[in-house]
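Observations on chain architecture
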Amino acid sequence: MSQPATAADPNATATTNDAPSQPENADVVVQYVVLRRDLIDTWPLGSVVTQGCHASVSAVWSNRDDPFTVDYCSPDKIDSMHKVTLEVKGESQIKNLSEKLTSGGIIHKLWIEQPENIPTCLATKPYPKSIVSSYFKKLKLCK
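A brief look at the structure comes next.

Rules used throughout
- Residues numbered from 1 in each chain as written.
- Predicted model: local features only at pLDDT ≥ 70, side-chain atom pairs only at ≥ 80, totals over all residues.
- Heavy atoms only, no water.
- Phe/Tyr/Trp six-rings, centres within 6.5 Å; stacked < 30°, edge-to-face > 60°.
- Helix = DSSP H or I, 4+ residues; strand = E, 2+ residues; numbered from the N terminus.
- Buried < 20%, exposed > 50% of the residue type's maximum accessible area, 1.4 Å probe, protein only.
- Lys NZ or Arg CZ within 6 Å of the ring centre and 35° of its normal.
- Expected span 1.5 Å × (residues − 1).
- Polar contact = N/O pair within 3.5 Å; in protein donor to acceptor, adjacent residues only side chain to side chain.
- Core = buried A, V, L, I, M, F, W, Y, C linked by side-chain atoms within 4.5 Å.
- Salt bridge = Lys/Arg side-chain N within 4 Å of Asp/Glu carboxyl O.
- Disulfide = S-S within 2.5 Å.
- Contact = heavy atoms within 4.5 Å.

1. Digging into the packing of aromatic side chains
Two descriptors summarise a pair of aromatic rings, namely the distance from one centre to the other and the angle between the planes of the rings. One pass over the structure, following the stated rule, counts 1 aromatic pair. Here Y32 and F136 contribute two aromatic rings whose centre-to-centre distance is 4.2 Å and whose plane-to-plane angle is 5°, an arrangement assigned as stacked. With Y32 in strand 1 (residues 29–36) and F136 in the loop between helix 5 (129–132) and strand 6 (140–141), the pair connects residues that are 104 residues apart, well separated along the chain. Accessibility assignment for this pair places Y32 and F136 in one class, buried. The ring of Y127 has K125 sitting right over it, with the charged end atom 3.8 Å from the ring centre.

2. Quick word on helix 2 (residues 45–62)
For helix 2, built from 18 residues, the straight-helix expectation of 26 Å at 1.5 Å per residue is met to within 8% by its first-to-last C-alpha distance of 26 Å. V48, Q51, G52, A55, S56, S58, A59 and V60 are the residues of helix 2 that are buried.

3. Structural notes on the environment of S130
Structurally, S130 is set in helix 5. Spatially, the C-alpha atom of S130 lies 8.2 Å from that of V28, the residues being 102 residues apart in sequence. Among the polar contacts made by the side chain of S130, one reaches the side chain of D27 at a distance of 2.5 Å.

4. A closer look at the nonpolar core
Membership of the largest hydrophobic core comes to 15 residues, with the highest contact counts inside it found for Y32, V34, L101, V132 and F136. Where this core is concerned, the elements lending two or more residues are strand 1, strand 2 (83–88) and helix 4 (91–103). Core analysis: the second largest hydrophobic core is formed by 9 residues, L35, L39, V48 and C121 among them.

5. Describing the pattern of salt bridges
Applying the stated rule across the entire model yields 6 salt bridges. Residue E91 is joined to K95 by a salt bridge in which the shortest nitrogen-to-oxygen separation is 3.1 Å. One end of the pair, E91, and the other, K95, are both in helix 4, 4 residues apart, so they sit about a helical turn from each other. Look at E91 and you get partly exposed, because its relative accessible area is 32%. Three or more residues joined by partner-sharing salt bridges are found here, namely R37, D41 and E87.

6. Some thoughts on the state of the cysteines
The final tally for this structure, using the stated rule, is 0 disulfides. Its sulfur unpaired, C53 is 8.9 Å from the next cysteine sulfur, which belongs to C121. Residue C53 is classed as partly exposed on the basis of its relative accessible area of 44%.

7. Regarding the side chain of S98
Examined against the element boundaries, S98 turns out to sit in helix 4. When its relative accessible area of 10% is taken as the criterion, S98 is described as buried. Excluding residues that lie within four positions of it along the chain, S98 makes contacts with H108, L110 and L122.

This is how it looks when you write it as structure tokens:
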């Protein structure tokens, strides 16, 4: 492991761990992932996690040129992504949330599992938390 560069050793190499952390009041870029509780309770855990992964990757890849997504996936932040995983009760709630996000101009992916045509989860593209957090205030953390 390299040591931090110091004034006493101008040839020392700084590492990414030496980078200053963001101030606590900085507006962190976050991705929200919302899963269905009814599926968590009835499907194998791995299957539900996979649905969330599909939605997350789709939301990021579909918005890969968006400035917030570029920042979220930048080399200096790739190992410290922020995601919030929440839950809704079932299909009608995930559809209603998707409609609410669409009405608010919040870009997201509602994952529809095929060939069953089942809406299983959704994920937003990365956004500053201050822009999207209000849409998710009433939801529970997924446990």
